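Residue-level structure breakdown
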Amino acid sequence: MNKFKLSLLSLAVSAAGLSSLAVAQQQPPAEDNAAEEQQVEVIQVRGFASSLFRSLDSKRFGDVVSETISADDLGALPDVSIADALTRLPGISAVRTGGQAAEINIRGMSGGFVFSTLNGREQVSTSGKRNIEFDQYPSELINSAAVYKSPKASLIEGGVAGTVELKTASVLLNEKDHSFNVNLRGMFNDRADEVPDGQDTGHRFSFSYQGKFLDNTLGLALGYARLYQPSVATQFVGLAYNGQKDVAGDEQNEFISEGFEIQHLGGEETRNGYLGSLEWQPHDAFSLKADAFISQFDKESFARGFRVKFGGDAAAVGNPVLNNRSVIGGTFNRTSQSFTRVEIVNDDNRDYDEVKSFGVAANWDVNDRTKLVFDVSHSTASSDFRNGLLWALVAEDASAATPQFDTNVSISYLLNGMNLPSVGFNQADAFSDIDRVMVSKYGIYPFVNSDEVNAVKLDLSYDLDLPVVRSVEVGVRYSERTYSNDRSVFEYGSDGGFLNSQPPLRLTADMVDVVDFSGDFATYPSYLAIDLDKALNAWFPEGVPQPVQTWGAGNVGVVNRDPTSNVDTSWSVLQSGDVYEDVLAAYLMANLDTEIFDLPLTGNVGVRRVTTDQSATDLTDVGGDVLRGAQNITDDAGLVNNQYAQSILGEKYTHYLPSINLNLNLTDKTYLRFAAAKVISRPPINRLASNTSIDISDDGEINGSSSNSPFLRPFEANQFDLSYEYYFSSGAVVAALFYKDIKNFINDFTIQEFDFAGAGFDVPDVIVNEDGVPRTTFNGAFSTAVNNDRGGYIRGLELAYTHVFDFLPDFWSGLGVSGSYSYTESEIELINDLGGEAITTTFEGLSKNVFNGTLFWEHEGVEARVNARYRSPFVSSQVGIDEQITNFDSELVVDMQFGYEFNDNLKLLFQVNNLTDEPTKSYFGDKAQTGTLQFFGRQYFVGAVYSF
């Protein structure tokens, strides 16, 4: 039986990460290898083309449906993270956050269905969810990345969309005894001058060292990568349609948006990444490797501009313009009952994130047939996000002894689809007048999260001398994960008016700057940018009180409550808590090596058994009934609440996950692959927390949320893959079909006019709002989440083509192209009512059409390439006061790079990211209902790489 394998040259190149490649061909039996070795086709390529062929090598000889990107490719672009590099692979697209790719979508499924490992170990996230934030991982410290689209039993479960495996370098496989690499790049953003206090320049710096000692038995790798970059954007954000009013006089309610925002965004991001690896191989049969990876990512940002509140159903609406039943234009005037206003916002956010990953792995070849691998690992992530929000409102006269809020508010606007809207304010001149604008409220609402997983696993493989089964693998893995979320709050003043008990702040000239919008936003009025520190020092001369986790002095369940206060911040207690998850997994897998109709067939078949024990801390409102467990619960401010019972809720369940991967070699150049598996993705770790919160607005509306639950089960699917791959001397053509039969998924439901009292919630009949006016309470919406038993399919087609035109004359022989196209569709429809009337949307993250293409040319040290990434409209989330699920418009992102290699040691680079200044655009179900229009600018990079 013929064996298919990489040539010796190709193996050496793949292992050492050199810039030449051998494309393997069919090999005869071992006794004829020497004679045939000279006939193996060898393509001498460098740079980008080299990395493409190494990626094809990994795909060609892998045992699952996969895509791989190599070290040269990861380091060739000055990407903020490896997410940008991964989006050049077939079927993979990115969601841009602040202009950068931070989350990837695979085959039409969002990042929550993507499982990620580092050196084969589960990684926790700073996002509070399960999917890692790829911008936390510097591309300079990652040696390779693989995307497994079909699983096998030995892979850790969790990736319905796919599993991303990141790997750092293995020192002892390095060809050189010692190597050193330095990378320095400067950057410039061409829209920074449109943002007040926006920084336009940044830099990236990295170095790495790899060395072998003691006759190549001891290896040491050290790496450091630093990123400093400005973050700038100018945006319009439309807010959800959460109000109803009969504005057309047709005796039925139309839907009204909460309002909109027009803002400048700016700030700076600093990331320091550290890598260390120590590898010891005293004998060919044994090796021990210890890895350490640390990434610290600090972000300081601001948002300045307007936030417009239309005022809900109590506002007076003139000249309404409708899109179906949703208001997209008109004039909103404040009434004595409405909260119509324009807020001048000056928000300062600080986010300090850290990821640590440590692991030790021992590999032991017990004998010629038996191999044992033992691995112990620790991964932890922490995030400290502090959003300080400063509201300012227009006063009649800021110099008055008792300033009065100017209630003469009129706002006109008309949305313009995927273009900026027309807006007008009767108070426009006052927005930049220090004698009219006063600071009315300061609030800070920190999110402090920690996520930790400790794991140990043991894998054993045994070679068999059987006709069909080449070897068997068995293994067991146990992990313990703990997630903690702590909320806290400090508020002073009001964003809806001026309070006598907490009076507004009179601004002085040294606290403010008048800011003008420019460019596409030049028609919008100027406003006052307020120095947060100076304003707070004047408002709180004895120091700003720190946020605490508290029930709030006005919470009705507080024993020692202040009867004059209506402040209820119980959400800070109820949304804090811990989640525990213990997982025990075991697998059995047979590796196949046989023939069918004289055609070589390889692959694997196996099953993975997974038992999950999940639980979370819980506070249940039992109305103070001690027989139901009510206790006195003291918060950080010393307030005692006796209405709640404390407990730990959860459950235990088991999944059996069979899988099969078959690879049929039709010829020495063509492959047919088939894969089938049952897969799961657990709910986001933060959604396993147990909390229920109730809020009563100033006008008396009761709203509640119980979107998390420790009883949520994993997302389940049966999936099938079929692919045809043809490899030729200078490239490859791949066509693949995939089908995912979704069994269930987590779905959010919002119940309008929910009967809170009837459901057992303790809610008052009457409240007193901030103006001291009694309000009769009325039922609003209640949001919750369950495992939906309705499933559906996701299916699609992927095409990929890579070709180096080496047959062209000398000058053009380095010309090449690499491209892919994927088509994805699904019958799954989700309900979204943020745009007004409930509509169906596609599955989150699904773009029907995704295209990626790279045209490159390399000749005598010169390397040039242009990359274009297109995705058709899709559904994802955006931030507009709260997280909003919206439709995102199609986008085409173009990057280019030019480099010149002076010699084997020195290379200069010039790069432009987002060459066409492509914005992010979203809408609420219909393009007439604008969501977000965000402009980031182009990023220019100039740098050098020196290695020896």
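Note: the structure precedes this text.
What this report covers is the structure whose coordinates are included nearby. Please read these numbers as outputs of a predicted model, since none were measured by experiment. (Residues numbered from 1 in each chain as written. Predicted model: local features only at pLDDT ≥ 70, side-chain atom pairs only at ≥ 80, totals over all residues. Heavy atoms only, no water.)

1. Brief notes about a negative patch on the surface
A contiguous patch of negative charge, built from Asp-284, Asp-365, Asp-368 and Asp-463, is present on the exposed surface. On the secondary structure map, Asp-284 appears in the loop between strand E16 (259–283) and strand E17 (286–309). According to the relative accessible area criterion, Asp-284 is exposed, its value standing at 73%. (Patch = residues over 30% accessible without salt bridge, like charges linked within 9 Å, V, L, I, M, F, W, Y side chains within 5 Å. Areas by Shrake-Rupley, 256 points an atom, 1.4 Å probe, with all protein chains shown as cover. Salt bridge = Lys/Arg side-chain N within 4 Å of Asp/Glu carboxyl O. Lys, Arg positive; Asp, Glu negative; His and termini not counted. Charge placed at Lys NZ, Arg CZ, Asp CG, Glu CD. Helix = DSSP H or I, 4+ residues; strand = E, 2+ residues; numbered from the N terminus. Buried < 20%, exposed > 50% of the residue type's maximum accessible area, 1.4 Å probe, protein only.)

2. Some words on the sheet that holds strand E9 (residues 162–167)
Here five strands make up an open sheet; going across it, the order is E3-E8-E9-E6-E7 and the pairing mixed. One side of each edge strand has no neighbouring strand; the edge strands of this open sheet are strand E3 (66–69) and strand E7 (121–122). (Pairing = 2+ DSSP bridges.)

3. Structural notes on the pairing of strand E47 (residues 849–859)
The buried count for E47 comes to eight of 11 residues, which makes it a mostly enclosed element. Direction of pairing for strand E44 (residues 815–826) relative to E47: antiparallel, over a ladder of nine bridges. Pairing of Ser-822 across the sheet is with Val-850, part of E47. For E47 and strand E48 (residues 862–871), the ladder comprises 10 bridges, and the chain directions are antiparallel. Counted as the bridge partner of Phe-856 is Arg-865 from E48. Hairpin geometry of E47 and E48 is characterised by an intervening segment of two residues between the two adjacent antiparallel strands and by a positive phi of about 50 degrees at Glu-860.

4. Notes on unusual backbone geometry
Most peptide bonds are trans, and most residues other than glycine sit at a negative phi. Although it is not a glycine, Glu-251 adopts a positive phi angle of roughly 60 degrees. Looking at the element boundaries, Glu-251 is found in the loop between strand E14 (243–245) and strand E15 (254–256). Overall, Glu-251 belongs to the exposed group, its relative accessible area being 77%. Residues other than glycine seldom take positive phi values, yet Asp-917 does so here, at roughly 55 degrees. On the secondary structure map, Asp-917 appears in the loop between strand E52 (906–913) and strand E53 (920–924). Since its relative accessible area comes to 11%, Asp-917 is described here as buried.

5. So, the packing of aromatic side chains
The description of an aromatic ring pair uses the distance of the two centres, along with the angle that the planes make with each other. A complete count under the given rule lists 47 aromatic pairs for this structure. Each ring, one from Phe-180 and one from Phe-948, has its centre 5.5 Å from the other, and the planes form 35 degrees; the classification is tilted. Taken together, the residues span a long stretch of sequence, with Phe-180 in strand E10 (residues 178–189) and Phe-948 in the segment after strand E55 (939–947) at a distance of 768 residues. For Phe-180, a relative accessible area of 26% puts it in the partly exposed group. Given the relative accessible area of 47%, Phe-948 is considered partly exposed. A centroid spacing of 5.9 Å and a plane angle of 25 degrees characterise the contact between Tyr-739 and Tyr-793, whose relative ring orientation is stacked. Of this pair, Tyr-739 sits in strand E39 (residues 731–751) while Tyr-793 sits in strand E43 (residues 792–804), and the two are 54 residues apart along the sequence. (Phe/Tyr/Trp six-rings, centres within 6.5 Å; stacked < 30°, edge-to-face > 60°.)

So yeah, pure geometry; function would need other evidence.
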